[in-house]
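The residues making up each chain are set out below.
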Amino acid sequence: MKKLNLLLFVLLLILAVPASALEYSIDAPEGPDYGIPTSVEPVYTADRGERKNKDVSKNAALIPPAFGSPSADALDTGTYLTPNLAPNGRPAVGAVINGTGAVQTPGSTGTDYSGMAYTKYTDLTSDLYYKDGSIGILKAPDIKLSVRVYEGTDAATLKKGAGHFEETSVWDGNAAFASHNRGANDYFGKIHTLEVGDRITWTTKLGTRTYEVISVAKVSETDRSGLASSTENMLTLYTCVRDQREYRWCVQAVER
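Residues numbered from 1 in each chain as written. Predicted model: local features only at pLDDT ≥ 70, side-chain atom pairs only at ≥ 80, totals over all residues. Heavy atoms only, no water.

Once that is clear, we can look at the overall build of the protein. A tally of helices and strands in the protein yields 2 helices and 11 strands. When the helices and strands of the protein are listed from N to C terminus, the series reads α-β-β-β-β-β-α-β-β-β-β-β-β. Sorting the 256 residues of the protein into buried and exposed places 35% on the buried side. Taking the intrachain contacts of the protein between residues at least 6 apart in sequence as the baseline, contacts between residues at least 24 apart amount to 56%. When the accessible surface of the protein is split by element, carbon and sulfur atoms take 56% of a total near 16,300 Å². (Helix = DSSP H or I, 4+ residues; strand = E, 2+ residues; numbered from the N terminus. Buried < 20%, exposed > 50% of the residue type's maximum accessible area, 1.4 Å probe, protein only. Contact = heavy atoms within 4.5 Å. Areas by Shrake-Rupley, 256 points an atom, 1.4 Å probe, with all protein chains shown as cover.)

Take a look at the structure:
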């Protein structure tokens with residue numbers, strides 16, 4: 001009995017002693033790892049710092065051409081992501097290249113009221129020459145181009161300015177020109193930087209017309225489809241591609 005009482009006394013004594021509080025040490029969380037802000041508007045032009053006034057919506061988005069194709073690195077080349085909403089109702093812009101490297105040109109055929117095919121063409125007559133032997137002036141303000149044009153595309157002609165392809169129209173229809181892209185006479189050295197919508201003017205004794213760029217493409221050196229006659233008033237500009245002898249830059253613009 002005494003042993004039982006002693007055991008109960010020890011138990012009561014143990015329960016009467018307060019237990020010590022457990023101590024915890026918890027580190028505070030580190031700061032969040034935020035990403036780089038993406039709300040800063042990019043600057044597209046270097047002259048005055050403003051963005052170029054152009055459509056950058058989904059309507060103008062392009063599906064680029066195949067990687068490594070002749071027009072893969074040409075500006076504004078490809079097909080529209082949403083053709084039904086494309087600017088100006090055009091289903092595609094830039095180069096449309098087939099298996100041979102030829103580029104389809106706009107407006108190469110047409111029909112008149114009788115159903116007969118027709119194209120526009122103005123012959124270069126003697127009265128259309130200026131006193132200095134030139135036949136007109138090409139200007140593209142976006143690339144600071146202003147050059148006199150002479151008949152022919154041989155080496156001697158291209159030393160004086162841009163040359164006019166003799167087989168093409170000089171006014172109505174498709175007027176086509178060529179010039180160097182490097183050296184002292186690199187008048188067309190920047191035509192590949194033109195963008196769809198940029199303006200080009202062509203002035204002759206017949207007047208001045210303004211054209212809007214619709215295509216900037218890299219084409220095969222053997223591709224002469226850009227010289228085809230047209231039912232539209234348009235310009236075609238050719239020059240070499242730097243360090244790629246098998247290709248040419250081809251810019252096309254239509255009257256606006």
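Okay, back to it.
Let us now look at the pairing of strand β4 (residues 136-140). Across the two faces of β4 the burial differs, with Gly136, Leu138 and Ala140 buried and Ile137 and Lys139 not buried at all. Sheet topology note: the β4/strand β5 (residues 145-151) ladder contains 5 bridges and is antiparallel. Looking across to β5, one finds that alanine 140 is bridged to leucine 145. Linkage of β4 to β5, two consecutive antiparallel strands, is achieved through a turn of 4 residues, within which lysine 144 is found at a positive phi near 55°. (Pairing = 2+ DSSP bridges.)

So, on to the pattern of salt bridges. All told, the structure shown has 8 salt bridges when counted by the stated rule. Among the salt bridges present, the one from aspartate 243 reaches arginine 182, with a minimum N-O distance of 3.4 Å. Note that aspartate 243 is positioned in the loop between β10 (234-241) and β11 (244-255) and arginine 182 in the loop between β7 (174-178) and β8 (199-204), a separation of 61 residues in sequence. In this structure, a network of salt bridges that share partners links the residues Asp172, Arg209 and Glu255. (Salt bridge = Lys/Arg side-chain N within 4 Å of Asp/Glu carboxyl O.)

Within the secondary structure layout, isoleucine 137 lies in strand β4. For the pair isoleucine 137 and threonine 201, spaced 64 residues apart in the sequence, the C-alpha separation amounts to 8.0 Å. Not counting chain neighbours up to four residues away, the residues in contact with isoleucine 137 comprise Ser146, Val147, Arg148, Thr201, Trp202 and Thr203.

This part takes up the nonpolar core. One broad trend across soluble globular proteins is that nonpolar side chains are buried collectively. Grouped together as the largest cluster of nonpolar side chains are 28 residues, with contacts concentrated most on Leu138, Phe177, Phe188, Leu194, Ile200, Trp202 and Leu235. Those elements that provide at least two residues to this core are β4, β5, β7, β8, β9 (207-220), β10 and β11. Other than its neighbours up to four places away in sequence, isoleucine 200 contacts Leu138, Lys139, Ala140, Leu194, Arg209, Thr210, Tyr211, Val213, Leu235, Leu237 and Ala253. Among the nonpolar cores identified, the runner-up in size contains 8 residues, and Ala217, Val219, Leu227 and Cys250 belong to it. (Core = buried A, V, L, I, M, F, W, Y, C linked by side-chain atoms within 4.5 Å.)

This part takes up the packing of aromatic side chains. In this structure the tally under the stated criterion is 2 aromatic pairs. Ring geometry for phenylalanine 165 and tyrosine 238: centres 5.9 Å apart, planes at 75°, overall edge-to-face. In this pair, phenylalanine 165 is assigned in the loop between β6 (162-164) and β7 and tyrosine 238 in strand β10, connecting sequence segments 73 residues apart. Residues phenylalanine 165 and tyrosine 238 agree in their burial class; the two are buried. Over the aromatic face of tyrosine 130 sits the side chain of arginine 148, whose NZ or CZ is 5.7 Å from the ring centroid. (Phe/Tyr/Trp six-rings, centres within 6.5 Å; stacked < 30°, edge-to-face > 60°. Lys NZ or Arg CZ within 6 Å of the ring centre and 35° of its normal.)

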